[in-house]
Amino acid sequence: MTLHLVSNKPSVIGILDLQGGVHEHLDHLERLGVSARRVKQASDFVDLAGLIIPGGESSCISRLLNIFEIKEVLLQAHREGMKIWGTCAGAILLARKVVGETSCLDLIDIKIERNGFGSQLDSFVSEALIPAVSAKPIPLTFIRAPKIIGVGKEINVLLKIDDYIAAAENENILVTVFHPELTGCLALHRYFAIKCGLKLAANSHDYIDPLWKSSSWTRQAGIA
Ligand code: GLN
């Protein structure tokens, strides 16, 4: 099947909707005034400026990409200009090297270790300044997160903490091992939208939305 994926000026960001935290990314993009939609099948890739691969379980999302036969169309859309942001499990899927496993999409030259901090119980929150992204500290939520433990020469490291890298990018791919969509901060969604070439409304902002409430998941886990 030949799909023509890109028209003149794509302006929508998709969220891969196979498994994981989809709704929270949609919500953050909509708060920024960015058109966003769920991406489940090949036809959903048409005219995407960018795609977010959410957190969840990388082995599960990887299998579903094959079962639903959309891995090739995702790669084709990327070759035609669609930028990609992987959060947590999404970052694992995008990595060139995954410790002890074969890589899935191999789109960014990073080496990543799954569950680098330990089990689900070792999940935690903190905050850090990411100067390229925002002038204010950004809240970070790590949930059974991976660690980026090596990067190629052309990779721009956005955030390094202790012995691991928490955020990095190349020209077309952004990876974060934490979950901005589970905080009230819009800065990384704004950063990705700009990376995708989208123009944001003049009144859009990247600071914590005072009206935002953490999702039931984070409240239950007692980490927000
Ligand atoms: N530990 C998960 C994995 O290896 C990622 C967890 C997450 O996305 N929060 O896929």
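If you're wondering where the values come from, they're calculated on a predicted model, not measured in any experiment.

Before we go on, may I ask you to explain the overall build of the chain in this structure?
The helix and strand inventory of the chain stands at 6 helices and 12 strands. Counting over 224 residues, the chain shows a buried share of 54%.

Whenever I open this one, the environment of Gln120 confuses me. Can you help?
Relative to the elements of secondary structure, Gln120 occurs in the loop between strand 6 (108-113) and strand 7 (124-128). Gln120 gets classed as partly exposed once you look at its relative accessible area, which sits at 38%. As for Gln120 and Arg144, which are separated by 24 residues in sequence, their C-alpha atoms are 4.9 Å apart.

Would you mind going over the site of the ligand with me for this structure?
The ligand sits among Gly55, Gly56, Glu57, Ser58, Cys88, Ala89, Ile92, Arg114, Asn115, Ile143, Arg144 and His179. Residue Gly56 places a main-chain N or O atom 2.9 Å away from an oxygen atom belonging to the ligand. Considering the ligand on its own, with 300 Å² of exposed area, one finds that the protein chains cover 97% of that surface. According to the grid-proximity analysis, the pocket containing the ligand is the largest pocket.

Sorry if this is basic, but what is going on with the environment of Arg37 here?
Mapped onto the secondary structure, Arg37 falls in strand 2 (residues 35-39). When the C-alpha positions of Arg37 and Leu51 are compared, they lie 9.5 Å apart, and in sequence the two are 14 residues distant. For Arg37, the residues in contact, after removing those within four places along its chain, are Val12, Ile13, Gly14, Ile15, Leu26, Asp44, Phe45, Val46 and Leu48. Separated by 2.4 Å, the side chain of Arg37 and the backbone oxygen of Val46 make a polar contact.

How should the nonpolar core be read in this particular structure?
Within soluble globular proteins, side chains that are nonpolar generally end up buried alongside one another. In this structure, Leu16, Phe45 and Leu105 are the most contacted members of the largest nonpolar core, which totals 76 residues. Not counting chain neighbours up to four residues away, the residues in contact with Leu105 comprise Ile53, Leu65, Lys71, Leu74, Leu75, Leu93 and Leu94.

What's the story with the side chain of His25 in this structure? I'm lost.
When you line up the elements, His25 lands in helix 1 (residues 22-31). Of note is the side chain of His25, whose polar atom sits 2.9 Å from the side chain of His189. Each residue touching His25, except ones within four places of it in the same chain, is listed here: Ile15, Ile52, Pro54, Trp85, Thr87, Glu181 and His189.

What is the right way to read the layout of surface pockets from this model?
The method is simple in principle: a probe with the dimensions of a water molecule rolls over the atoms, and the space it marks as empty is what remains. When its volume is computed, the largest pocket comes out at roughly 330 Å³. Together, 21 residues line the largest pocket, and Gly55, Gly56, Glu57, Ile143 and His179 are the ones closest to its centre. Tallied by class, the residues present in the lining of the largest pocket amount to 7 nonpolar, 9 polar and 5 charged.

Would you take a moment to explain the packing of aromatic side chains for this structure?
Aromatic rings considered in pairs are described by the distance between their centres and by the relative angle of their planes. Within this structure, the stated rule accounts for 7 aromatic pairs. Plain terms: the ring middles of Phe142 and Tyr164 are 6.3 Å apart, the flat faces sit at 90° to each other, and that makes the pair edge-to-face. Of this pair, Phe142 sits in strand 8 (residues 138-142) while Tyr164 is found in strand 11 (residues 164-169), placing the two residues 22 residues apart along the sequence. Pair check on accessibility: Phe142 and Tyr164 agree, each one buried. Measuring from centroid to centroid gives 6.0 Å for Phe142 and Phe178, while their planes differ by 55°, and the two rings are tilted. With Phe142 in strand 8 and Phe178 in the loop between strand 12 (173-176) and helix 5 (187-195), the pair connects residues that are 36 residues apart, well separated along the chain. Ring pairing ties together the aromatic residues Phe117, Phe124, Phe142, Tyr164 and Phe178, which thus form one cluster. Directly above the ring of Phe117 sits Lys147, whose terminal nitrogen or CZ lies 5.0 Å from the centroid.

Criteria and cut-off values
- Residues numbered from 1 in each chain as written.
- Predicted model: local features only at pLDDT ≥ 70, side-chain atom pairs only at ≥ 80, totals over all residues.
- Heavy atoms only, no water.
- Helix = DSSP H or I, 4+ residues; strand = E, 2+ residues; numbered from the N terminus.
- Buried < 20%, exposed > 50% of the residue type's maximum accessible area, 1.4 Å probe, protein only.
- Near = heavy atom within 4 Å.
- Polar contact = N/O pair within 3.5 Å; in protein donor to acceptor, adjacent residues only side chain to side chain.
- Areas by Shrake-Rupley, 256 points an atom, 1.4 Å probe, with all protein chains shown as cover.
- 1 Å grid on protein atoms, 1.4 Å probe; cavity = no way out; pocket = protein on both sides within 12 Å on 5 of 7 lines; lining within 4 Å.
- Sits in = over half its atoms within 2 Å of the grid points.
- Contact = heavy atoms within 4.5 Å.
- Core = buried A, V, L, I, M, F, W, Y, C linked by side-chain atoms within 4.5 Å.
- Points joined across faces, edges and corners; volume = space filled by probe spheres on them.
- Nonpolar A, V, L, I, M, F, W, Y, C, P; charged D, E, K, R; others polar.
- Phe/Tyr/Trp six-rings, centres within 6.5 Å; stacked < 30°, edge-to-face > 60°.
- Lys NZ or Arg CZ within 6 Å of the ring centre and 35° of its normal.

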